[in-house]
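# Chains, contacts and geometry: an overview
Read off the chains here:
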Amino acid sequence: MASKNVYESILKTLEKPGGGEFGKYYSLPALNDPRIDKLPYSIKILLESAIRNCDEFQVTQKDVEKIIDWENTSPKQVEIPFKPARVLLQDFTGVPAVVDLACMRDAMNRLGSDSNKINPLVPVDLVIDHSVQVDLARSDNAVQHNMELEFQRNKERFGFLKWGSNAFHNMLVVPPGSGIVHQVNLEYLGRVVFNTGGVLYPDSVVGTDSHTTMIDGLGVAGWGVGGIEAEATMLGQPMSMVLPGVVGFKLVGKLKDGVTATDLVLTVTQMLRKHGVVGKFVEFYGEGMGELSLADRATIANMSPEYGATMGFFPVDHVTLQYLKLTGRTDETVSMIESYLRANRMFVDYSEPQIERVYSAYLSLNLEDVEPCVSGPKRPHDRVPLKDMKADWHACLDNKVGFKGFAVPKDSQSKQVEFSFKGTPAKIKHGDVVIAAITSCTNTSNPSVMLGAALVAKKACELGLEVKPWVKTSLAPGSGVVKKYLDKSGLQPYLNQLGFNIVGYGCTTCIGNSGDLDESVAAAIAENDVVAAAVLSGNRNFEGRVHPLTRANYLASPPLVVAYALAGTVNIDFDKEPIGTSKDGKDIFFRDIWPSNEEIADVVQSSVLPDMFRGTYQAITKGNPIWNELSVPSGTLYSWDPTSTYIHEPPYFKDMTMSPPGPHGVKNAYCLLNFGDSITTDHISPAGSIHKDSPAAKYLMERGVDRRDFNSYGSRRGNDEIMARGTFANIRIVNKHLKGEVGPKTVHVPSGEKLSVYDAAMKYKNDGHDTIILAGAEYGSGSSRDWAAKGPMLLGVKAVIAKSFERIHRSNLVGMGIIPLCFKAGEDAETLGLTGHERYNIDLPSSVSEIKPGQDVVVVTDNGKSFTCTARFDTEVELAYFDHGGILPYVIRNLINAKH
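Residues numbered from 1 in each chain as written. Predicted model: local features only at pLDDT ≥ 70, side-chain atom pairs only at ≥ 80, totals over all residues. Heavy atoms only, no water.

## Some thoughts on the packing of aromatic side chains
The geometry of an aromatic ring pair is captured by the separation of the ring centres together with the interplanar angle, meaning the angle of the planes. Where we set the bar: For Phe, Tyr and Trp, where Trp contributes only its six-membered ring, two rings pair if their centres lie within 6.5 Å, and the inter-plane angle classes them as stacked under 30 degrees, edge-to-face over 60, or tilted in between. Helical segments are the DSSP runs of H or I of at least four residues, strand segments are the runs of E of at least two, and each set is numbered from the N terminus. Any residue under 20% of the maximum accessible area for its type is buried, any over 50% is exposed, and the rest in between are partly exposed; the area is computed with a 1.4 Å probe on protein chains only. Only lysine NZ and arginine CZ atoms are considered, and such an atom sits over a ring when it is within 6 Å of the ring centre and within 35 degrees of the ring normal.
Inspection of every chain in the model, using the stated rule, returns 29 aromatic pairs. Seen in terms of ring centroids, Phe419 and Trp470 are 5.8 Å apart; in terms of plane orientation they differ by 75°. Their pairing is edge-to-face. Taken as a pair, Phe419 in strand E18 (residues 416-421) and Trp470 in the loop between helix H16 (447-462) and strand E21 (472-475) lie far apart in primary sequence, 51 residues in all. Take Phe419: its relative accessible area is 11%, and that puts it in the buried class. Here the aromatic rings of Phe675 and Phe728 are separated by 5.7 Å at their centres, their planes lie at 35°, and the arrangement is tilted. Taken as a pair, Phe675 in the loop between strand E26 (666-674) and helix H25 (681-684) and Phe728 in the loop between helix H27 (720-725) and strand E27 (745-748) lie far apart in primary sequence, 53 residues in all. For the residue pair Phe675 and Phe728, the accessibility class agrees, reading buried in each case. The ring of Tyr699 carries the charged tip of Arg703 above its face, separated from the ring centre by 3.6 Å. Its guanidinium or amino end placed over the ring of Trp787, Lys790 lies 5.3 Å from that ring's centre, counting from NZ or CZ.

See below:
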């Protein structure tokens, strides 16, 4: 059992510069170990946490030694425990997390234990960054209209979260309408250094959204985990992780004029994807760091999931301290942060000689080499230099269907479709932009690109340029601060004139909440098979995510979003072709509306002020009238409403007993789905709109829910019945069982029937058959979506056999009791001759003590094939979860068995 900390001897007092003391801290220099000075800064945060929590029970001295000896241990895939300082939840993932906590309380109650043991033991920040459905755009009334609609649709969910904030301790709730979780985390919630009970330690955070990594730009170690893993962390369980390698990424030089932070992040994303950084930390350093604002760093850190790293980390330096002051943190707080980090040698001072850090691998980029670019049309790491965009677009039209292809026949590539838009004749062709959205945490936290977009709008308006009325333009800032500085700059009216009115403060187009296109535009696209385009300043552009009717989706900086909206097409060479015509009939080119870096810097300097941050965040904790008027039940156990279509008690603990079920193999399983590469969590569990012909729609209509009130899958994550039906419901999913047909169906192998995935899964389940999934590389890439593991478990999936897994999704599968297996190098379903019509047997020992992390497992089919896979239980703790049937039953049994 736990004992007192063995490192108490290095607990030192931190003096204040002017006398007095800040508190105590565990001093890394006091260990007098030369290996520590050479550690990457990101690894030092893991080390401090292990030392501070070392009780020889959850964290041992052996664990501490493994981290100190990182240079030698990290290549060996050693396991360490990590206890983050806090947990970050957002609305979509917050609801299922609170549902699970409420369920766990019920289970504790049923098993005769104290249900109040289910309470967060570490601080939980829950930001209700309700995803704003862009129902109304291009209107001054958009914010009010869209927010009222959101509250009307989501009142039940918001009320549930408000109940949770009262029923559970240690939970701070930021009410809806305040902004996007990651921007609020950066500007307000990020502590950088905690002072709890007189002990100082670095802020670190795990969040239930993969873009939690944005906080790495502030020098706070943070990354996304599955909801189930976050719940265990909240309840005091250490996270089990493989001690990661760290790629050192050196930055030199400075960005050229006209190049944005978005161009830089898309370049970094492509470089790191190519290098391969899955499961690793990336740590940025070098003299180029001084040229990057904190917002630029946060933009790069935000897209860690897109380049595959666990973190993209920027250690704290003078730029960080300036940002903390800009965003309204007090001088006393900033002084404490600097003093602590300097004392523990975790602060980078570029005015002093730098100690050479040791990294697992090294990359470098001269910022002067970065050029304007976009990424697409279907993946964030498919970067296209702006100068090559027209040629690349034509290649995409020609290429066979794939990540860079639409297979449009040559003779129909230039066809124009005529339609009538609100009584006015209009035309649309391949590559025409129908959605242009300044959106997403990635870019709306960055004043330079936001004000850069506003300057493009100003120049365009002054020259008389306009955006076609059928382009759905929108602006969704990540916090109220953005509106304040746009207003102060006097530039918002120009954005409004081009249709970029503010539509709300939250996730919009980037997560699929684009809202409907005008019916005439939608019909023209759908009836004529037009490859229409969306351009957005987001981080995800997987097919089917942004909007069902935009098959080409490009990520771009906010100023480029405005430029493409004006051009009306992605089929343009900005260097040679005009973007439009001025009032006096003169051709206007891209260069005529593009601001210089100096122009942008001047506006940022005069418009972005500390009082804006202070005022915004003092107000948000008070809530807003609609939130404050929500009445919620009291009591620590939730009263489930069986008729609710938003909040439903899931069956996870229904038949749970105190005895773990033990490991399960797979017997005579059918293949539910047979996939190729890059199946994302969006394919597995979409967050966007609920299609009218889907099993989820049928379920809702049977319960009297009108189609206009379906809302999104993301908003209904508190209801397992809907989410099970929404599993593999992405309209763009490609399943080899369907021989080229695209859509959320599969073949029920015994009968040969073509059914929805949900109906086929239920047929297998009702007949008593296990199922498995076959997949290619990068299975489960994208958002850290726990429903992408919960859903398959509810469908009866027992194992997934893939070429490779995305980090978070693999651990989520284990957390829900699903076996993740990897084909051996050079093998996959195709090379092994698997059709997916076989039956599969996976034999595992009956005792978990006989299974080892990463051991070989033989898979045998009913037609005599046999092949060896690697069982991707990566740590002993993951095997313990599997033994218990998942992470949450493991936690409940541990809490019940714990000494009172």
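From this point, things continue past the structure.
## Structural notes on the nonpolar core
Short version of the rule: Throughout this description, the term nonpolar core refers to a set of buried Ala, Val, Leu, Ile, Met, Phe, Trp, Tyr and Cys residues connected via side-chain atoms within 4.5 Å. The contact criterion used is simple: two residues touch if any of their non-hydrogen atoms lie within 4.5 Å.
Core analysis: the largest hydrophobic core is formed by 222 residues, its most contacted members being Leu46, Trp223, Phe500, Tyr564, Phe574, Phe728 and Tyr779. Top contributing element to this core by residue count: helix H5 (residues 91-110), with eleven residues. In contact with Phe574, other than residues within four places in its own chain, are Leu386, Leu560, Ala563, Tyr564, Ala567, Ile579 and Phe590. Judged by nonpolar contacts, the second largest core, of 48 residues, contains Val259, Ile300, Met303 and Ile525.

## What to know about the layout of surface pockets
The test is simple: Throughout, the protein atoms alone are placed on a 1 Å grid, and a set of points is a cavity if a 1.4 Å probe fits but cannot get out or a pocket if it is open with protein on both sides within 12 Å along at least five of seven lines; lining residues have an atom within 4 Å of a point. Grid points are joined across faces, edges and corners, and a volume is the space filled by probe spheres set on the points. Throughout, the ten residues Ala, Val, Leu, Ile, Met, Phe, Trp, Tyr, Cys and Pro are labelled nonpolar, Asp, Glu, Lys and Arg are labelled charged, and all others, Gly among them, are labelled polar.
Looking at the second largest pocket, its volume works out to about 1,100 Å³. Lining the second largest pocket are 40 residues; nearest its centre among them are Ser293, Asp296, Ser448, Ala601 and Val604. Residue assignment for the lining of the second largest pocket shows that the elements contributing at least two residues are helix H10 (294-302), helix H12 (318-326), H16, helix H17 (480-489) and helix H22 (597-607). Among the elements that line the lining of the second largest pocket, the one with the most residues is H22, at six residues. Within the lining of the second largest pocket, the residues separate by chemical class into 22 nonpolar, eleven polar and seven charged.

## Concerning the sheet that holds strand E10 (residues 221-224)
For clarity, the threshold we go by: By this definition, two strands are paired if DSSP reports at least two bridges between them. To define axes, lines are fitted to C-alpha atoms, for helices over the stretch in contact only, and angles between the resulting N-to-C directions are given on a 0 to 180 degree scale.
Taken together, five strands build an open sheet; the order of strands is E6-E5-E4-E9-E10 and the sheet is parallel. Each edge of the open sheet carries a strand with a single partner, namely strand E6 (171-174) and E10. Put simply, the sheet's adjacent strands are angled 20° from each other on average, direction ignored. Judged from the four bridges that link them, strand E9 (residues 204-207) and E10 form a sheet pairing that is parallel. What sits directly across from Gly207, in E10, is Gly224. Sheet strands touched by helix H7 (residues 181-189): strand E4 (86-90), strand E5 (124-127) and E6. Its angle to E4, the strand with the most contacts, is close to 140°.

## Remarks on the environment of Ile43
For Ile43, the position within the fold is in helix H2 (residues 41-52). Under the relative-accessibility criterion, Ile43 is labelled buried at 0%. For Ile43 and Trp163, which are 120 residues apart along the polypeptide, the C-alpha to C-alpha distance reads 38 Å. With residues up to four places along the chain from it excluded, the contact list for Ile43 reads Ile67, Trp70, Pro244, Val246 and Phe281.

## A short note on empty space enclosed by the protein
Tallied over the full model, the rule gives four cavities of 30 Å³ or more. The volume enclosed by the largest cavity comes to roughly 240 Å³. Around the largest cavity, the lining is made up of 25 residues, and of these Asp209, His211, Cys507, Ile511 and Arg545 lie nearest the centre. Partitioned by chemical class, the residues of the lining of the largest cavity number seven nonpolar, twelve polar and six charged. In this structure, the second largest cavity spans a volume of roughly 140 Å³. Lining of the second largest cavity is provided by 15 residues; of these, Glu229, Ser811, Glu878, Tyr881 and Ile887 occupy positions nearest its centre. Put simply, the parts of the chain that give the lining of the second largest cavity at least two residues each are helix H8 (227-234), strand E11 (239-242), helix H30 (807-815) and helix H31 (876-883). Looking at the lining of the second largest cavity residue by residue, the class counts come to seven nonpolar, six polar and two charged.

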